[in-house]
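The primary structure of each chain is shown beneath.
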Amino acid sequence: MAIFPFFRKPVFFSPGEQQQITDAIKEAERRTSGEVRVFVESRCRYVDPLDRAAEIFLGLKMNETKDHNAVLVYLAIKDHQFAILADGGIHRKVGDVFWNNEVQAMRRHFKDNHIADAVVQVVSDVGEALHTHFPYDRDNDKNELPDDIVFGR
């Protein structure tokens, strides 16, 4: 037991769920030059989640990928907020309908409190879209961004 329990880092997912999400990211990126990141924090107070996602997107330098094909899945667990933010390269290929469908799918999982399942599903779907429009090129592709989950406060 910690002397100061309020200094403990919040736990958003079990180790197994974290592994599922990380595996989904790696699998999504295995067949594409695109990049997928997942950012999770407790709260998104007083800020629209899409605005917060844009701030994180820039902070993680996701806008600097060669083909502008990076996608951020953002979650504020305690506030039950989320957003999916895509760079222009992939957004131009799939359009608003794709992203709206992904948001609706996440919302359905969230209602049942299956948050990790929601993240795995959206990462898989995004991976398929990236594979279709930005397939893996063995000669030129490199992993431009880490595949781990980024945890905020």
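Structural notes, computed from the coordinates. These numbers come from a predicted model, not from an experiment.

**Thoughts on the overall build of the protein chain**
For step 1, the next point in the chain: Counting secondary structure elements, the protein chain contains four helices and four strands.
For step 2, the next point in the chain: From first element to last, N terminus to C terminus, the protein chain shows the α and β order α-β-α-β-β-α-α-β.
For step 3, the next point in the chain: Compactness check: the protein chain gives a C-alpha radius of gyration of 15 Å against a globular reference of 15 Å for 153 residues, within 12% of the reference.
For step 4, the next point in the chain: For the protein chain, the C-alpha atoms occupy an extent of roughly 55 × 30 × 25 Å along the three principal directions.
For step 5, the next point in the chain: Here the protein chain holds 153 residues, and the buried ones make up 45% of them.
For step 6, the next point in the chain: Within the protein chain, contacts between residues at least 6 apart in sequence are counted, and of these 72% link residues at least 24 apart.
For step 7, the next point in the chain: For the protein chain, the centre of its 20 positive side-chain charges and the centre of its 25 negative side-chain charges are spaced 5 Å apart.

**Looking at the pairing of strand β2 (residues 70-76)**
For step 1, the next point in the chain: The buried count for β2 comes to seven of seven residues, which makes it a mostly enclosed element.
For step 2, the next point in the chain: Because side chains alternate across β2, one face comprises the buried residues A70, L72, Y74 and A76, and the other comprises V71, V73 and L75, equally buried.
For step 3, the next point in the chain: When strand β1 (residues 35-41) meets β2, the two strands line up parallel, connected through seven bridges. Bridging across to β2, E41 finds its partner in A76.

**Remarks on the pattern of salt bridges**
For step 1, the next point in the chain: Per the stated rule, a full pass over the model turns up six salt bridges.
For step 2, the next point in the chain: The salt bridge partner of R43 is D79, with a shortest N-O separation of 2.6 Å. In this pair, R43 sits in the loop between β1 and α2 (49-59) while D79 sits in the loop between β2 and β3 (81-86), placing the two residues 36 residues apart along the sequence.
For step 3, the next point in the chain: Taking the relative accessible area as the measure of exposure, R43 reaches 35% and is therefore partly exposed.
For step 4, the next point in the chain: In this structure, E55 and R52 form a salt bridge, with 2.8 Å as the shortest nitrogen-oxygen distance. Linking E55 with R52, this pair stays in helix α2, spanning three residues, or about one helical turn.

**Some points on the sheet that holds β1**
For step 1, the next point in the chain: An order of β3-β2-β1-β4 is seen for the four strands of this open sheet, with the pairing classed as mixed. The open sheet has two free edges, formed respectively by β3 and β4 (149-151), since each of these has just one partner strand. Direction aside, neighbouring strands of the sheet carry axes that sit 15° apart on average.
For step 2, the next point in the chain: Those strands touched by helix α3 (residues 88-111) are β2 and β3, and its axis lies near 165° from that of β3.

**With respect to the environment of H109**
For step 1, the next point in the chain: With respect to the secondary-structure elements, H109 resides in helix α3.
For step 2, the next point in the chain: Sequence spacing of H109 and Q121 is 12 residues, and the spatial spacing of their C-alpha atoms is 9.4 Å.
For step 3, the next point in the chain: Not counting the four nearest positions on each side in its chain, H109 is found in contact with H114, D117, A118 and Q121.

Thresholds applied
Residues numbered from 1 in each chain as written. Predicted model: local features only at pLDDT ≥ 70, side-chain atom pairs only at ≥ 80, totals over all residues. Heavy atoms only, no water. Helix = DSSP H or I, 4+ residues; strand = E, 2+ residues; numbered from the N terminus. Rg over C-alpha atoms; globule rule 2.2 N^0.38 Å. Buried < 20%, exposed > 50% of the residue type's maximum accessible area, 1.4 Å probe, protein only. Contact = heavy atoms within 4.5 Å. Lys, Arg positive; Asp, Glu negative; His and termini not counted. Charge placed at Lys NZ, Arg CZ, Asp CG, Glu CD. Pairing = 2+ DSSP bridges. Salt bridge = Lys/Arg side-chain N within 4 Å of Asp/Glu carboxyl O. Axes fitted to C-alpha atoms, helices over the stretch in contact; angles between N-to-C directions.

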